[in-house]
Amino acid sequence: MDKKWKIETKAVQGGYEPGNSEPRVLPIYQSTTYKYDTCEEVAKLFDLQAAGHMYSRISNPTVEALEKKMAMLEGGVGAMATSSGQAATLLSIMTICTAGEHLLAANTLYGGSFTLLKSTLSKYGIEVTFVDPELSLEELKTYVKPNTKGVFAETIGNPSLNVLDFDKFSTLAHDNNVPLIVDNTFATPYLCRPFEHGADIVVHSCTKYTDGHATSVGGMIIDSGKFNWDNGKFPEMTTPDESYHGVVYVRDFKEAAYITKVRVQLLRDIGATMSPFNAFLMHIGLETLPLRMERHSDNALAAAKWLEKNDKIAWVTYPGLESHPTHELAKKYLSNGCSGVLTFGVKGGREAGEKLIDNLDLIKLVVHVADTRSCILHPASTTHRQLTEEEQIASGVKPDLIRFSVGIENIEDIINDLENALEQL
Ligand SMILES: Cc1ncc(COP(=O)(O)O)c(C=O)c1O
């Protein structure tokens, strides 16, 4: 497959290449198992000495096509699909962090990721320190510990919408010989490719713009293949894995060491596997990713500018607005637009905001973002409900914040809906 293709071509053609007389469209391989000619061949597969599918908990041809397309889009050496974005985040960290070790994470993470890292990982002995991503590099460095194994942040925070300072965060990680893991869900590889800015591992909630149509839950881990695991800090990468008769990931899989390890150890053991049907839908969804992201970004910018001028609106946050605190970072790292999510507050606070949501017609109240259809939500009472008020404020969720995921409908219809709902206040 030609890796020199432009991203629009990769989105349409990448991942699946039919042979002579094979289906033009990626088939759904709804099979848990695979057939072999000899016992010796199966044994080689189980010892990781030959490539191939063993069992659909670990890999499947339809899922593999999606993984290949995502790796192409992000510019990585390999990818692994998971059953959800949460599973991708969890497995990406568990591959490098075990009990007694430490992770640094931005405090502006999506509420579900924050809770996973804070509540669940701590129960399994992984300590996470949450840091304000706007701190200076010097200040951030004071949070690094001898047992820190990675740095985790989002390209565009959900829903604070702060754009990550990749230079600062990759320096923070690399000066300490640990990888930078970036959740690129909101930006997608069409707007930002974190590997080009120093990230080592990328994760996605494919439930969002990858699928794009709100049909399927799924996640993805992508490996840049560039991190040097042989630096003394990651012995599991450089010493024999007895569960595979002495495989050594760095020695045997070279630049694909991390993505191989996460699959053959954690996907094997934990089984957070994506179904072939979801992979099929996401593979099709990706074909229109560049078109969708362009329209989402254009519509969101137009809606943000319109809201900013409306006298019933208290404030608007969108990285594409000059007023946004990380607008300069958006110009630097988001080359094709600032994605489809914006946030705002209505004069009159939380109560007025809830009334506005109830008054909307086209824009639906939904616990989701990144759908082709415009949708809206009050995070403090839903997605970020499990956080304390202090944690909510730190992660950018003010009590009156409304999260608006701008769809790809005609922008005039979207604005008319907002206007009608505001007039009724
Ligand atoms: C930025 C981000 N990361 C991860 C997740 C978790 O993904 P999933 O819901 O697919 O488990 C979400 C979900 O909203 C998200 O917005």
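Bear in mind that the values here come from a model prediction, so they are computed numbers and not experimental data. (Residues numbered from 1 in each chain as written. Predicted model: local features only at pLDDT ≥ 70, side-chain atom pairs only at ≥ 80, totals over all residues. Heavy atoms only, no water.)

J.: Can you explain the overall build of the chain? Please cite residues and give values.
T.: Within the chain, the regular secondary structure consists of 17 helices and twelve strands. Against the 2.2 N^0.38 benchmark of 22 Å for 425 residues, the chain shows a C-alpha radius of gyration of 22 Å, consistent with a compact globule. Here the C-alpha coordinates of the chain stretch approximately 75 × 55 × 35 Å along the principal axes. Counting all 425 residues of the chain, 58% fall into the buried class. (Helix = DSSP H or I, 4+ residues; strand = E, 2+ residues; numbered from the N terminus. Rg over C-alpha atoms; globule rule 2.2 N^0.38 Å. Buried < 20%, exposed > 50% of the residue type's maximum accessible area, 1.4 Å probe, protein only.)

J.: Please set out the side chain of Lys 208 residue by residue, giving values where relevant.
T.: Here Lys 208 shows up in the loop between β6 (201-205) and β7 (219-223). This buried residue, Lys 208, is left without a salt bridge; Asp 183 holds the nearest opposite charge, at 8.3 Å. Those residues in contact with Lys 208 that sit more than four places away from it in its chain are Thr 185, His 368, Val 369 and Ala 370. (Lys, Arg positive; Asp, Glu negative; His and termini not counted. Salt bridge = Lys/Arg side-chain N within 4 Å of Asp/Glu carboxyl O. Contact = heavy atoms within 4.5 Å.)

J.: Now, about the UniProt feature "modified residue: N6-(pyridoxal phosphate)lysine" (unreviewed entry) in the chain: what can you tell me, with residues and values included?
T.: Mapped onto this structure's residue numbering, the UniProt feature "modified residue: N6-(pyridoxal phosphate)lysine" (unreviewed entry) falls at Lys 208. With relative accessibility at 18%, the residue Lys 208 sits in the buried group. (UniProt positions renumbered as here; feature names shortened; annotations may be inferred.)

J.: An account of the packing of helix α12 (residues 276-287) against helix α13 (residues 289-309) is needed here, citing residue identities and associated values.
T.: In contact at an axis separation of 5 Å, α12 and α13 are set at 60° when each is read in the N-to-C sense. On the basis of their axis angle, the class for α12 and α13 is oblique. Taking contact as the criterion, the partners of Gly 285, Leu 286 and Glu 287 in α12 are, on α13, Leu 289, Pro 290 and Arg 292. Partitioning the contact of α12 with α13 into residue classes produces three nonpolar, one polar and two charged. (Axes fitted to C-alpha atoms, helices over the stretch in contact; angles between N-to-C directions. Parallel < 35°, antiparallel > 145°, perpendicular 65-115°, else oblique. Nonpolar A, V, L, I, M, F, W, Y, C, P; charged D, E, K, R; others polar.)

J.: Describe in detail a negative patch on the surface, supporting the description with residues and values.
T.: Taken together, the side chains of Asp 132, Glu 134, Glu 138 and Glu 139 define an acidic patch exposed on the protein surface. Counting through the fold element by element, Glu 138 comes out in helix α6 (residues 137-141). (Patch = residues over 30% accessible without salt bridge, like charges linked within 9 Å, V, L, I, M, F, W, Y side chains within 5 Å. Areas by Shrake-Rupley, 256 points an atom, 1.4 Å probe, with all protein chains shown as cover. Charge placed at Lys NZ, Arg CZ, Asp CG, Glu CD.)

J.: With reference to specific residues and values, describe the pattern of salt bridges.
T.: By the definition in use, this model includes 15 salt bridges. A salt bridge links Asp 371 to Arg 373, with the nearest nitrogen and oxygen atoms 3.1 Å apart. Owing to a relative accessible area of 45%, Arg 373 belongs among the partly exposed residues under this scheme.

J.: A description of the nonpolar core should follow, citing residues and the corresponding values.
T.: The biggest cluster of nonpolar side chains holds 115 residues, and the ones touching the most others in it are Leu 117, Ile 221, Trp 229, Leu 342, Phe 344 and Phe 404. Examining the composition of this core, we find that seven residues originate from one element, helix α11 (residues 257-270), more than from any other. Summarising the domain contributions, this core has at least three residues from each of domain 1 (7-285) and domain 2 (290-423). Ignoring sequence-local partners within four residues, the contact set of Leu 342 consists of Leu 161, Ala 300, Ala 303, Ala 304, Leu 307, Thr 317, Tyr 318, Ile 402, Arg 403, Phe 404 and Val 406. (Core = buried A, V, L, I, M, F, W, Y, C linked by side-chain atoms within 4.5 Å. Domains from an automatic or database assignment.)

J.: Account for the environment of Glu 351, with residues named and values stated.
T.: With respect to the secondary-structure elements, Glu 351 resides in helix α15 (residues 349-359). For Glu 351, a relative accessible area of 66% puts it in the exposed group.

J.: For the sheet that holds strand β2 (residues 102-106), give the residues involved together with the corresponding values.
T.: Strand order in the open sheet formed by seven strands is β1-β7-β6-β5-β4-β2-β3, with mixed pairing between adjacent strands. Two strands bound the open sheet, and with one partner strand each, they are β1 (78-82) and β3 (127-131). Looking at each pair of strands side by side, their axes are set apart by 20° on average, direction ignored. Here α11 sits on the sheet and contacts β1, β6 and β7; the angle it forms with β1, its principal contact strand, is near 30°. (Pairing = 2+ DSSP bridges.)

J.: I'd like a rundown of the domain arrangement of the chain, residues and numbers included.
T.: Taken domain by domain, the chain comprises domain 1 (7-285) and domain 2 (290-423). Taking only C-alpha atoms, the centre of domain 1 and the centre of domain 2 are 28 Å apart. Each side of the interface is counted separately: domain 1 has 40 residues, and domain 2 has 43 residues. Around 3,200 Å² of area is buried between domain 1 and domain 2 when both sides are counted, 63% of it from carbon and sulfur atoms. Between Lys 332 and Asp 167 there is a salt bridge, with its nearest N and O atoms 2.8 Å apart. (Buried area = accessible area lost by both parts, 1.4 Å probe.)

J.: Describe the sheet that holds strand β10 (residues 364-365), listing the residues and the values that go with them.
T.: Strand order in the open sheet made by the five strands is β8-β9-β12-β11-β10, with mixed pairing throughout. Each edge of the sheet is formed by a strand with only one pairing partner; in this case those strands are β8 (313-317) and β10. Where strand β11 (residues 375-377) meets strand β12 (residues 402-405), three bridges bridge the pair, whose relative direction is antiparallel. Looking across to β12, one finds that Cys 375 is bridged to Ser 405.

J.: Describe helix α17 (residues 411-423), listing the residues and the values that go with them.
T.: An α-helical segment advances 3.6 residues per turn. Residues three or four places apart therefore align on the same side. Compared with an ideal rise of 1.5 Å per residue, which puts 13 residues at 18 Å, α17 spans 18 Å between its outermost C-alpha atoms and is within 8% of the ideal. Among the residues making up α17, those that are buried are Ile 414, Ile 415, Asp 417, Leu 418, Ala 421 and Leu 422. For α17, the angular spread of the buried residues around the axis is 155°, confining them to a single face. Exposed and oriented more than 90 degrees from the buried face of α17 are Glu 412 and Glu 423. Looking at the buried positions of α17, the neighbouring elements they touch are α13, β8, α15 and β12. N-capping of α17 is provided by Asn 410, with a side-chain oxygen placed 2.8 Å from the backbone N of Glu 412. (Expected span 1.5 Å × (residues − 1). Arc of directions from axis to C-beta. Polar contact = N/O pair within 3.5 Å; in protein donor to acceptor, adjacent residues only side chain to side chain.)

J.: Which residues make up the site of the ligand, and what are the values?
T.: Taken together, 13 residues lie near the ligand, and Gly 85, Asp 183, Ser 205, Thr 207 and Lys 208 sit nearest. Contact between the ligand and Gly 85: an oxygen atom at 2.9 Å from a main-chain N or O atom of the residue. Separating an oxygen atom of the ligand from a side-chain N or O atom of Ser 205 is a distance of 2.8 Å. The fraction of the free accessible surface of the ligand (390 Å²) that becomes covered by protein chains is 89%. The residue makeup of the shell around the ligand, split by class, is two nonpolar, eight polar and three charged. (Near = heavy atom within 4 Å.)

J.: Break down the pairing of β3 for me, with residues and values.
T.: Strand direction decides the pairing type here: β2 and β3, joined by five bridges, are parallel. From the neighbouring strand, Ala 106 faces β3, where its bridge partner is Val 131.

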